Amino acid sequence: MMLAAFAHPVFDSQRNFRELLQAMARPAVPRLVPTPAAAPAPILPATMAVLLTLCDADTALWLQQPNEEVASHLRFHAGVRLVQEPADADFALITEPSSMPPLARFAHGELRYPDRSASLIVQVEGFDGNAGRRFAGPGINDVEQLAIAGLPAEFWQQRAAMSAQLPLGVDLIFISGERMVALPRTTRVLED
Amino acid sequence: MTSNYNFAFLDENTKRMLRRALLKAVAIPGYQVPFGSREMPLPYGWGTGGIQLTAALLGPDDVLKVIDQGADDTTNAVNIRRFFARVAGVATTERTIEASVIQTRHRIPETPLREDQILVFQVPEPEPLRTLEPREAETRTLHALADYGLMHVKLYEDIAQYGHIATSYDYPVLVDGRFLTSPSPIPKFDNPKLDHSPALMLFGAGREKRLYAIPPYTRVESLAFEDHPFEIQRWEHQCELCGADESYLDEVVVDDLGSRMFVCSDTDYCGQRRAEQAA
């Protein structure tokens, strides 16, 4: 049987969006996803809430671990277009970060249209605000610190290489449990 | 609240389109994101860009404030406030400190904004280079190359002609050291409030179908030269109602004989100060 989506589509997506907007405006700070939505494995309810809030027939979604149940759930509730190639995706869902494709395989936008770039939604193992890397940039007053557990070793190297191409790049939304953290392309990782 | 429309007037597909564009705008500070601007029940030039952004943001718990040139009681502000009270049933206020979303035409409130507030600007012309270069394809290329020499020449010509930079509103800013951005026609008096603002600032241009953002705590620099630094307006007058000497003043004609007085443009700020003085 198919799972339900938001109980109140208008108000649930509005609440999720406002938190997403604040998450993107204040990078590296975990926030609760207000209204998680039922989701087939391996998608977390918080991740599904983000997908239902942002995706529809106008967007192309790439799934790292596609399965029939996930595909039919997303097609039914969001009408989203599923694509085979990471480069074609507006949104990409990474459910197993240890084997995720390199960031360079996703759309980074064009110099005249840097917004034509992918947003990656990445399910990770956890956040720790008292450890890990230090971040600065737009949205961050001084410095934020955050450890993101479960990312592959080469991830931060790939992201550093990407930041040389600003304003081109991909924007990241990490999900763990019921919390999310955004890392837009402009957030800088400080060297220790 | 009228129930003949979807909550906050726009349909959910349009809101999602706006929301995706807003997230990209925040991720690329100062860059103008194209969006599919909808026909609204009031004409372009009356804040349709700001209204669409506000509609994509609003939830039932929001408290909305709308100002026009700093005032809560002018036609544009009253109409937009009533519009959202009708189509979204949200609470409205004239107090800056009570609002969660503030839509503004051409001013930033004098009262400092907080991290939990969002400021939505109505923007007539989002492209700061448009008066210097009419072709959209060309201004896009200039932004891609971060080639802003045209604007520096324009400011230089001001100095050559008038002895100072004569641009007094819509004064161009560089956001996060990358994109040249129009702050909308706010007086340059308000430009310093854009720099490292605790509140998120969103800009919507309905006719031009562009939106952009300045995230909180972002470096926003008003263009200038070393020997002609950026300066804000100063007045020899104080507000004649509340006595403020640090707020933006409007010169108002008060009778048929040409008598004038200077008063705060921010009506809430002025009213609060007078209430405090009366207490």
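Scroll up to find the structure this text is about.
A. Examining helix α2 (residues 48–57) of chain B more closely. The buried fraction of α2 of chain B amounts to ten of the ten residues, a majority that puts the element mostly inside the structure. Taken residue by residue, α2 of chain B has Thr 48, Gly 49, Gly 50, Ile 51, Gln 52, Leu 53, Thr 54, Ala 55, Ala 56 and Leu 57 of chain B as its buried positions.

B. Main features of the sheet that holds strand β1 (residues 33–34) of chain B. Read from one edge of the open sheet, seven strands run β1-β9-β8-β5-β4-β2-β3 (chain B), paired in mixed fashion. Each edge of the open sheet carries a strand with a single partner, namely β1 and β3 (91–92) of chain B.

C. Here's a closer look at the pattern of salt bridges. Across all of its chains, the model carries 24 salt bridges over all chains by this definition. Here Asp 171 of chain A makes a salt bridge to Arg 185 of chain A, at a shortest N to O gap of 2.8 Å. Of this pair, Asp 171 of chain A sits in strand β8 (residues 171–176) while Arg 185 of chain A sits in the loop between β9 (179–183) and β10 (188–190), and the two are 14 residues apart along the sequence. The same class applies to Asp 171 of chain A and to Arg 185 of chain A, which are both buried. As a salt-bridge pair, Glu 110 of chain B and Arg 107 of chain B come within 2.8 Å of each other at their nearest N and O atoms. Arg 107 of chain B matches Glu 110 of chain B in its accessibility class, with the two residues each being buried. One salt-bridge network, held together by shared partners, links Arg 107, Glu 110, Asp 190 and Lys 193 of chain B.

D. Molecular detail of the packing of helix α2 (residues 45–54) of chain A against helix α1 (residues 12–27) of chain B. Where α2 of chain A contacts α1 of chain B, the axes come no closer than 8 Å and their chain directions differ by 110 degrees. Considered as vectors, α2 of chain A and α1 of chain B are oriented roughly perpendicular to each other. Taking contact as the criterion, the partners of Leu 52, Thr 53 and Leu 54 of chain A in α2 of chain A are, on α1 of chain B, Arg 16, Arg 20 and Leu 23 of chain B. When grouped by side-chain class, the residues that make up the contact of α2 of chain A with α1 of chain B number three nonpolar, one polar and two charged.

Each value, and the rule that gives it
- Residues numbered from 1 in each chain as written.
- Chains lettered and ligands numbered in written order.
- Predicted model: local features only at pLDDT ≥ 70, side-chain atom pairs only at ≥ 80, totals over all residues.
- Heavy atoms only, no water.
- Buried < 20%, exposed > 50% of the residue type's maximum accessible area, 1.4 Å probe, protein only.
- Helix = DSSP H or I, 4+ residues; strand = E, 2+ residues; numbered from the N terminus.
- Pairing = 2+ DSSP bridges.
- Salt bridge = Lys/Arg side-chain N within 4 Å of Asp/Glu carboxyl O.
- Axes fitted to C-alpha atoms, helices over the stretch in contact; angles between N-to-C directions.
- Parallel < 35°, antiparallel > 145°, perpendicular 65-115°, else oblique.
- Contact = heavy atoms within 4.5 Å.
- Nonpolar A, V, L, I, M, F, W, Y, C, P; charged D, E, K, R; others polar.

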